[in-house]
Amino acid sequence: METDYLTLDSMGKRVLMTGNGAVARGAIEAGVKVATSYPGTPASEILSSIAAVAKKVGIYAEWSINEKVAFEVAFAASLSGIRALMACKHLGFNWISDAFLVSAYTGVNGGLVVVVSDDPHPHSSQNAEDTRYYSKMGKVPCLEPSDPDEARKIIPMAFDLSESLQLPIVVRLTSRISHSRGDVELGEMRRKDREPKFEKDPKRYAVIAPHARERHLWLNNQYAKAAEAMESFPLNWIEGPRGDFGIIANGLNYSYVKEALGILGIEAPILKLSSANPIPKRLVANFLRGLKECLVVEEIEPITEEGVKAIAQAEGIPVKVYGRSTGHIPLQWELNPDIVAGAISKIAGLGNPRPGLLAKPKAVQLEIGRRTPFLCAGCPHRASYYSIKQALRRINKGGIIAGDRGCYNQGIYPPLNGYDTCICMGASIGMACGFYKAGVKEPIVAVIGESTFFHAGIPPLINAVHNNANITVVIFDNSWTSMTGFQPNPATGMNAMGEETRRLNVEEICKACGVEFVKVVDSFKVGELIEAIESAIKFPGPAVVVSRHECAVREMGRLRRRGERPRPYAVDPTRCTACKICLSQFGCPAISIEDGKISIDKYSCTGCGVCAQICPSKAIAQVEV
């Protein structure tokens, strides 16, 4: 297993690891003592990996309540003189930006590294933002590895650089680096047994305006030192023959460029960059001199391309620079070797060397069979969505359902069509308030998972109470942060390192927020849940229904470990009228229809019994295994 390699004290040994696993290994090699995160694909496995061996190597690992808190915990640890790592996906960087941008003014003591994984396509996110902008805005160095091996190497380098400059360092991955496996050479285990101590210095750490003015000068000086350090950063280099046409590639794109040149059967000078910010100006200028054309290959936004153009202009170098802003690289979607080869071929006038090479990524994607995501068989969220829809039908006044972020997002697909909006963490309750205050006359329901509620749902709920918003909030509580790999949250009763902790009840928090109508119902008791939601909608003021049942995957896993199987349900063909309500309104994947006959796959059925409750003919009943 990959976790076996995390603590292996065998410098030079080569093993197969994912990029996220390699980052975790690099953190352990660097002597990290505190590691924090909030789950988010594609970065979740970094903290999961560290947490799996945390006690063994003396690291404190934490799934924090949200990314902002995760950053602040790691930041304070760094100010105490020890090394700390915080990991998140790109959207999590939005949450940390407030504290992150100020941390550049205070600086750090022990090394502080923020590992962020961007989702260029995006495969599992609501946008494809480029977090390098935060690095530029904060004047904080940003490094990018080109493969899992460099992901391992770059983490100890980032910590050394952080302590040298007294600045936090950003290490930017992309989803392809995070989840790809590659050959990784293990490095030296460096022990950093430091006594944590916070030396008080209000002019540095109490960042009020007069102090910020002084620290701004300090930050500019440190950023100039960072720019100088990038000129000789060991993971930047120039390779290949001299020529008129050269390529600059950031991070993973270096691997794409190498493969693309192999596809085309040509050679070209390459500037490989692992320092995304600041750009090493002298190194870039030296590379550009003598070139007539240069292609910049980078993921998401033309940040390096714009920097290269500015350097060429400032140095008076007559080179044409191509990239995303010129249309030679698509402005959207993830890159791959074929896309890069197509861009090189177009600039070099090579034509199309193989069929399909220049196909647009969207067209290539469509060649792969489409699969519609769905909620698992026996998922309590399906019963919750069904109950909300039934409650709105009973009231018969329409209804707006504001959704949120989590595995329950799969409820958007037919037949549930479970919600009308889905923007970002915690937005469901705030947007429900907005619809109400705008004067919308329909019932307004917000749905949010318990992990997202702890992350970002509490302030908007308080806002709803404070501003008398007549909305209904249905909290889907399955006790786990399921979508990203079943990480524990405050409702689980366990922390990242498997230690038992106090289990928090969302209903008690809702009552403490001032909500007067709070009901808790088992998600699988559909009749009770419908009635509770209907009553909540009719309640004059903010109302909360907690729909609670453990995640089906976790529940079935526990049964399997005990050697047990759930008692499945089956259809009595003599009573079934083929009304298809179990398919058209509920849509459990264990239920199917063939030759007009409804059937239930006994191996997929988890025995939740909701289909039996909603069948108008009472044709579904539990059977023996």
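Up top is the structure these notes are about.
Report on the accompanying structure. (Residues numbered from 1 in each chain as written. Predicted model: local features only at pLDDT ≥ 70, side-chain atom pairs only at ≥ 80, totals over all residues. Heavy atoms only, no water.)

**Re the pairing of strand β21 (residues 591–594)**
In this sheet, strand β22 (residues 597–600) lies alongside β21 in antiparallel orientation, the contact comprising four bridges. Residue pairing across strands places isoleucine 591 opposite isoleucine 600, the latter belonging to β22. Hairpin connection from β21 to β22: two residues lie between these consecutive antiparallel strands, with aspartate 595 at a positive phi of about 55°. (Pairing = 2+ DSSP bridges. Helix = DSSP H or I, 4+ residues; strand = E, 2+ residues; numbered from the N terminus.)

**Observations concerning helix α16 (residues 380–395)**
The first and last C-alpha atoms of α16 sit 23 Å apart over 16 residues, in line with the 22 Å expected at 1.5 Å per residue. Of all 16 residues in α16, 13 are buried; the element is thus mostly enclosed. Of the residues one or two after α16, asparagine 396 is the one with positive phi, at around 60°. (Expected span 1.5 Å × (residues − 1). Buried < 20%, exposed > 50% of the residue type's maximum accessible area, 1.4 Å probe, protein only.)

**Considerations on the sheet that holds strand β4 (residues 84–89)**
Strand order in the open sheet formed by seven strands is β3-β2-β4-β5-β7-β6-β12, with mixed pairing between adjacent strands. Of all the strands in the sheet, just β3 (60–63) and β12 (275–277) have a single pairing partner and so form its edges. Across four bridges, strand β2 (residues 34–37) lies against β4 in parallel orientation. Bridge pairing in β4 links valine 34 to alanine 84. Contacts between helix α4 (residues 67–79) and the sheet are confined to β2, β3, β4 and β5 (112–118), with β4 contributing the most and set at about 165° to the helix. (Contact = heavy atoms within 4.5 Å. Axes fitted to C-alpha atoms, helices over the stretch in contact; angles between N-to-C directions.)

**Quick word on the pattern of salt bridges**
Scanning the entire structure with this criterion turns up 34 salt bridges. A salt bridge links lysine 153 to aspartate 149, with the shortest nitrogen-to-oxygen separation between them at 3.2 Å. Placement of the pair is lysine 153 and aspartate 149 together in helix α7 (residues 148–165), with a separation of four residues, close to one helical turn. We note a salt bridge from arginine 282 to glutamate 228, for which the minimum N-O separation is 2.8 Å. Here arginine 282 is found in helix α12 (residues 281–288), whereas its partner glutamate 228 is found in helix α10 (residues 209–231), with 54 residues between them in sequence. On the basis of relative accessibility, which here comes to 44%, the residue glutamate 228 falls in the partly exposed class. The network of salt bridges with common partners includes Asp118, Asp130, Arg132, Glu144, Arg172 and Glu298. (Salt bridge = Lys/Arg side-chain N within 4 Å of Asp/Glu carboxyl O.)

**Regarding the nonpolar core**
Ranked by internal contacts, the top residues of the largest apolar core, which has 99 residues, are Ile46, Ile50, Phe71, Leu85, Val115, Leu295 and Ile344. If we ignore the near neighbours within four places in the chain, the residues touching leucine 85 are Ala27, Val32, Val34, Ala35, Thr36, Ile46, Ile50, Ala74, Val113, Val115 and Phe159. With 70 residues, the next largest nonpolar core counts Tyr419, Cys433, Ala464 and Cys582 among its residues. (Core = buried A, V, L, I, M, F, W, Y, C linked by side-chain atoms within 4.5 Å.)

**Examining the packing of aromatic side chains**
Using the criterion set out here, one finds 12 aromatic pairs in the structure. Here the aromatic rings of tyrosine 385 and phenylalanine 476 are separated by 5.1 Å at their centres, their planes lie at 80°, and the arrangement is edge-to-face. Here tyrosine 385, found in helix α16, pairs with phenylalanine 476, found in strand β17 (residues 472–477); they are 91 residues apart in sequence, far enough to count as distant. Relative accessible area serves as the criterion here: at 1%, tyrosine 385 is assigned to the buried category. Chaining the aromatic ring pairs together yields one cluster made of Phe71, Phe75, Phe93, Phe100 and Tyr134. The ring of tryptophan 237 has lysine 272 lying over it, and the distance from NZ or CZ to the ring centre is 4.4 Å. Note that arginine 554 overlies the ring of tryptophan 480, its terminal NZ or CZ placed 3.8 Å from the centroid. (Phe/Tyr/Trp six-rings, centres within 6.5 Å; stacked < 30°, edge-to-face > 60°. Lys NZ or Arg CZ within 6 Å of the ring centre and 35° of its normal.)

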